[in-house]
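# Coordinates in review
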Amino acid sequence: MTNNILIYNTLSRTKEVFEPINAPFVGLYVCGPTVYSDVHLGNCRTFVSFDLIYRYLLHLGFKVRYVRNITDAGHLEGDRDEGDDKFAKKAKLEKLEPMEIVQKYTLGFHDVMRLFNALPPNIEPTATGHISEQIEMVKQIIDNGYAYEVNGTVYFDVEKYSKEHNYTLLTNRLLEDLLEGTRVLGGQDEKKGRLDFALWIKAKPEHIMHWPSPWSVGFPGWHIECSAMSNKYLGERFDIHGGGMDLAATHHTNEIAQSQACNHTQPVKYWMHTNMLTVNGTRMSKSAGNGFLPGELFTGQHPLLKRGYSPMAVRFFMLQAHYRSTLDFSNDALDASDKGFKRLMTAIALLNKLKPSGEKSGLDIQDLEKRCYAAMNDDFNSPVLLSELFEAVRFINSVYDGKAVVTESDLALLKKLMNNFVFDILGLQQEIPQSNDINKLMEFVIKLRNEAKAAKDYATSDKIRISLNEMGIQLKDNKEETSWSKI
RNA sequence: GGUCGGGUGGCCGAGUGGCUAGGCAGAGGUCUGCAAAACCUUUUACAGCGGUUCGAAUCCGCUCCUGACCUCCA
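Let us look at the structure shown here.

With 5 of 6 residues buried, strand β3 (residues 25-30) is to be regarded as a mostly interior element. Relative to strand β4 (residues 63-68), β3 runs parallel, the two sharing 6 bridges. The residue of β4 that forms the bridge with F25 is K63. Read as a crossover between parallel neighbours, the route from β3 over helix α1 (residues 41-59) to β4 is right-handed. Direction of pairing for β3 relative to strand β9 (residues 238-244): parallel, over a ladder of 3 bridges. Each residue of the ladder has a partner; that of V30, found in β9, is G242.

Attention now moves to unusual backbone geometry. In the segment running from A23 into P24, the intervening peptide bond is cis, with an omega of 5°. Here P24 lies in the loop between β2 (14-17) and β3. Unusually for a residue other than glycine, H264 sits at a positive phi of about 60°. Inspection of the secondary structure assignment puts H264 in the loop between α8 (248-263) and β10 (268-274).

A sheet is described by the order of its strands in space; here 3 strands give the open sequence β12-β11-β13, paired in mixed fashion. Whereas interior strands pair on both sides, the edge strands pair on one side only; in this sheet they are β12 (282-283) and β13 (327-329). Where strand β11 (residues 277-279) lies against β13, 3 bridges are found, and the strand directions are parallel. Each residue of the ladder has a partner; that of L277, found in β13, is L327.

With that out of the way, let us pick up the nonpolar core. If you look at the biggest cluster of nonpolar residues, it comprises 141 residues, and the most contacted ones within it are L344 and M418. Mapping this core onto the domain boundaries places at least three of its residues in each of domain 1 (6-274) and domain 2 (279-425). In contact with L344, not counting residues within four places along its chain, are F316, L386, F390, V393, M418, V422 and L428. With 7 residues, the next largest nonpolar core counts I446, I464, L468 and W484 among its residues.

What counts, and where the lines are drawn
- Residues numbered from 1 in each chain as written.
- Chains lettered and ligands numbered in written order.
- Predicted model: local features only at pLDDT ≥ 70, side-chain atom pairs only at ≥ 80, totals over all residues.
- Heavy atoms only, no water.
- Buried < 20%, exposed > 50% of the residue type's maximum accessible area, 1.4 Å probe, protein only.
- Helix = DSSP H or I, 4+ residues; strand = E, 2+ residues; numbered from the N terminus.
- Pairing = 2+ DSSP bridges.
- Right-handed = clockwise from strand over helix to strand, strands pointing away.
- Core = buried A, V, L, I, M, F, W, Y, C linked by side-chain atoms within 4.5 Å.
- Domains from an automatic or database assignment.
- Contact = heavy atoms within 4.5 Å.

Purely spatial values, then, with no claim about function.
Okay, here's the thing in C-alpha cells:
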C-alpha cells in the first residue's frame, strides 16, 4: 500500500492525496438508485465508476466498507416538497403496492449490476428500513436549532444554517443568487425561507406510504436518508462520498448541512462526483426520454441503437473515458469499444499459450506495471490504464507470432498483471463461456478443415470457414494452429 | 442571469509547457492456397485571435460555440 492515490475532491476542486481517516479502513458511501423505475444506462455509469474505485481500493489492500443505499421512500415527484411520492404514483399507475414497485425495481437493478459485473456493496440500506434513524436525526437537528415544524412538516432552516456555515461549499454559489433562482410566486408556502427543504413531510390522506413520528404521520424527506444511513454505518465523519454530478448542488449540499447541523462536523473528507453520460451531447435522463435501459442496449431493441452490445463491451466503453468527463454515446463509439474489448480479451486468452524463452523480454513488464499503477493512482484514470494494457496486448500478440520473446519470470509477471488489472480492477470478464462441449466440437471441425487443407481440398476448407463465419465464428490461422473466436 | 465545466485528427477518448496516449475506422506492407487474425509502417489534430516563453494543445486575455447544475433524475 505504498501507492499515493490522488483523488479529485469536489470540496477543493483539486486532486488531493488520499489519506484515509482510519487506515487501512475506508468508508465509502455512494448514493444509489431511486427504485421507482428501471435504471437507465446513465445511472449505470455512475455505479460502474464507483465499482472501479471500490475494486482498486480493495486491490491495494484497504478494508473498505462500501455502502450504497436504495431510495425506496420519500422522493417526491415535484419540487418544493409537494406533489406525489414517486413510488405511490408509480404504484397507482401499475396497480401495485408501493413496496411491490420497490421490490420489482430493486431486483431489476441488482440484475443489471450483476450483468455489468459490479461488486455488490457491503451494505445496501433502504430508506424505509431506517425510518427511526431518520426521525432521530431530525429530532437532533431540531434540538440543535436548525429545523422547525409547521403543521406536522419539519423544515431545515437554511438561512439560519448559512449564517454559521458555508451552505454552498460544494458548488461555490452565492446564497443571494440561489434566493433569486427560487423566487416563489405562490403565497401558500409554509416554509420560513425559500431555500428551506423538508426533513419530514406530513402525509396527505391519500398518501399510502407513511410512518408515525413526533410531528405527524408522514414520511422522510429525500435528503435525510443518506445522512442518517451514512452516519449509522460509517460514522459521523467518513472518507469518501460519491454520486452523480447532478446530485451535488441539491442532494449533497443538503446532506452536508443536515449532518453538520446534527453532529457539528463535516461528514465527508472526499466528495467524488461522476460525470454524465450523454446522447448527442445532451445528458441522458429519464425525463428527456433519451435514455435507454440496459436491456434495450443488450438486445439492440431501441430506435437509437443499430444493434445490441454485450454488457462487458458497454463496461469497457465506460472505462475508456475518465469518470469525471462526460461520455458521449453513439453506435460508432460502442462498435469501437466492442472490438477493442474483444481484442483485449483475445490477447489475454493467448497468454496461456505463450512459450517463454530468452534472457530478456521484448517489453519491460515491471515498468509497465508501474505505469499501470501510476494511471490508477492518478484519480482512477482507467483510460490511461487501458492504453498501457494495450501495449501489453501488442506484446502478447507479437510473442505469439514468434516476433518477440518473453522470459519465464516476465511471463508470470505479465499474467499476474493482466489478471489484476483487467479482471480484478477494471472488473471485465471473458464473455464466451468456454464450455467443453463447444470446444471439443470446434476442435473437431478445425481438424476436418485442416485435413482438407492438407489435401489441398480448398473448396471444402473454405466452405467450413465461410459457413462458420456466417454462424458468427471466426477462424484464425496461425503458423502452428488454428484458433477461433466469436465475432 | 449565476455556478462549474468543455471545445483534441473520420469517430470515441487521454494528455496541463518541450519527449507529440489508446481504441475503432482509413492507407501501405509482412505473413497466408484464399480470407481473417496478428504484426510493422503510415495520413488527416489540438475552436478562433492576441499575449507570456527559447518553446504552448497545455499558462494569460478576448471572442465564438457548447454542456451540466441552479426544478425530479446517477
